[in-house]
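# Coordinates in review
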Amino acid sequence: MIHHTGRVEVICGSMFCGKTEELIRRVRRATIARQEVQVFKPTIDNRYGTDHVSSHSGQNIEAVCVESSQAILALLHPKTTVIAVDEAQFFDIGLLNIVEMMAERGLRVIVAGLDLDFRAEPFGPMPQLMCLAEEVTKLHAICVVCGEAACRTQRLVNGQPAHYDDPIILVGAHEAYEARCRTHHLVP
Ligand code: TMP
Ligand code: MG
C-alpha cells in the first residue's frame, strides 16, 4: 500500500506533553496498516547507529540516529512510505527542504519536537515546519505549580530557574525540566 498524496504532520508542545508517545502511536498504527516506516532522530552526543525513541512514560520504538538532516535522505529506503522524525528541534534548518522533498515524493512525514525552548522562544526548524505542515497537533502537559495546561518548559539549575543567557541545548528530563503554564514559567 502506498500513500499517493504526501503530507507533513507536526506534533509539538512542551516537554512531558506526550509528543513522543503520540509519534509512537502513529508509527504503530501505520505499521498495522502495512506501511513501511522509518524512524529517525538527531544524534546529539556523537553516537551513530540504531537506537530508540523513548517517551517519558517508558514506551519506545527503534530509530536511526542521524548527524544531520541530509543523512535522512541518504538512508531512505525505496519502499518506505512513512517517515517519522523525533526531537526535530535539534535538527539544522536543512530539515525543511528534506521534509518537503519527501512529502513531494508522496511520503507521509510525521515530525515531533519542542515548539519552544526553555526561554519560550521558537526552537530550531520547528516554526517553519509548523507552517508548512498540512496538520499541526499542539499537545499540552500539566503545570506542576498550578495544574493548568502547560505550554512551556521550565529549566531548573540546582532548583533555580535557568537564565536567559544559558546554553539552549541541555539534554535532560525530570532532573532539569518541568512543564509549566505561562504564569508560572520564569526566565530571569
Ligand atoms: P522531549 O521533548 O522529548 O521531552 O525532549 C526534549 C529534549 O530537549 C530533552 O533532552 C531536553 C532538551 N531541551 C534542550 O536542550 N533545551 C531546551 O531549551 C529544552 C526546553 C529542552
Ligand atoms: Mg520526547
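Look a little higher up for the structure.
Residues numbered from 1 in each chain as written. Chains lettered and ligands numbered in written order. Predicted model: local features only at pLDDT ≥ 70, side-chain atom pairs only at ≥ 80, totals over all residues. Heavy atoms only, no water.

### Brief notes about the site of ligand 1
- Taken together, 19 residues lie near ligand 1, and Lys-19, His-56, Phe-118, Ile-168 and Leu-170 sit nearest.
- Listing elements by their share of the shell around ligand 1, those giving two or more residues are helix H1 (19–32) and strand S10 (152–157).
- Considering only residue class, the shell around ligand 1 consists of ten nonpolar, five polar and four charged. (Near = heavy atom within 4 Å. Helix = DSSP H or I, 4+ residues; strand = E, 2+ residues; numbered from the N terminus. Nonpolar A, V, L, I, M, F, W, Y, C, P; charged D, E, K, R; others polar.)

### Some thoughts on the nonpolar core
- If you look at the biggest cluster of nonpolar residues, it comprises 25 residues, and the most contacted ones within it are Val-10, Ile-72, Ile-83, Met-102 and Leu-129.
- Broken down by secondary-structure element, the contributors of at least two residues to this core are strand S1 (7–13), helix H2 (70–75), strand S5 (82–85), helix H3 (95–104), strand S6 (108–114) and helix H4 (126–132).
- It is H3 that provides the largest number of residues to this core, a total of six residues.
- Not counting residues up to four positions away in its chain, the partners in contact with Met-102 are Ile-72, Leu-73, Leu-76, Ile-83, Leu-107 and Val-109.
- Within the second largest apolar cluster, 13 residues are counted, among which are Leu-23, Val-27, Val-53 and Val-82. (Core = buried A, V, L, I, M, F, W, Y, C linked by side-chain atoms within 4.5 Å. Buried < 20%, exposed > 50% of the residue type's maximum accessible area, 1.4 Å probe, protein only. Contact = heavy atoms within 4.5 Å.)

### Points about the sheet that holds strand S12 (residues 177–180)
- Ordered in space as S11-S10-S12, the three strands form an open sheet in which the pairing is antiparallel. A strand with exactly one partner marks an edge of an open sheet, and here the two such strands are strand S11 (160–161) and S12. (Pairing = 2+ DSSP bridges.)

### Quick notes on the environment of Ala-176
- Tracing the sequence through the fold places Ala-176 in the loop between S11 and S12.
- Exposure remark for Ala-176: the relative accessible area of 9% places this residue in the buried category.
- Along the chain, Ala-176 and Gln-160 lie 16 residues apart, while their C-alpha atoms are 9.8 Å from each other.
- Those residues in contact with Ala-176, other than ones at most four positions away along the chain, are Gln-154, Arg-155, Leu-156 and Leu-170.

### Examining the pattern of salt bridges
- Under the counting rule described, the total for this entry stands at eleven salt bridges.
- Between Glu-135 and Arg-7 there is a salt bridge, with the nearest N and O atoms lying 2.7 Å from each other. One end of the pair, Glu-135, is in strand S7 (residues 135–139); the other, Arg-7, is in strand S1, with 128 residues separating them in the sequence.
- According to the relative accessible area criterion, Arg-7 is partly exposed, its value standing at 26%.
- One salt bridge connects Arg-25 with Glu-22, and the closest N-O pair in it is separated by 3.1 Å. Of this pair, Arg-25 and Glu-22 both sit in helix H1, three residues apart, which is roughly one turn of that helix.
- We classify Arg-25 as partly exposed; its relative accessible area is 43%.
- Overall, Glu-22 belongs to the buried group, its relative accessible area being 15%.
- Members of the salt-bridge network, linked through shared partners, are Arg-7, Glu-9, Glu-22, Arg-25, Arg-26, Arg-108 and Glu-135. (Salt bridge = Lys/Arg side-chain N within 4 Å of Asp/Glu carboxyl O.)

### Thoughts on the pairing of S10
- Burial analysis of S10 places five of its six residues in the buried class, the great majority of the element.
- Here S10 runs beside S12; their pairing, made up of four bridges, is antiparallel. Looking at the pairing, Arg-152 lines up with Arg-180 of S12.
- Summarising the sheet, S10 and S11 pair through two bridges and their orientation is antiparallel. In the strand pairing of S11, Leu-156 is matched with Pro-161.
- Connecting the antiparallel pair S10 and S11 is a turn made up of two residues, with Asn-158 showing a positive phi of about 50°.

### Looking at the side chain of Asp-117
- Here Asp-117 is to be found in the loop between S6 and H4.
- We classify Asp-117 as buried; its relative accessible area is 2%.
- Polar side-chain contacts of Asp-117 include one of 2.8 Å to the backbone nitrogen of Arg-119.
- Setting aside residues no more than four positions away along its own chain, Asp-117 makes contact with Pro-122, Phe-123 and Ile-168. (Polar contact = N/O pair within 3.5 Å; in protein donor to acceptor, adjacent residues only side chain to side chain.)

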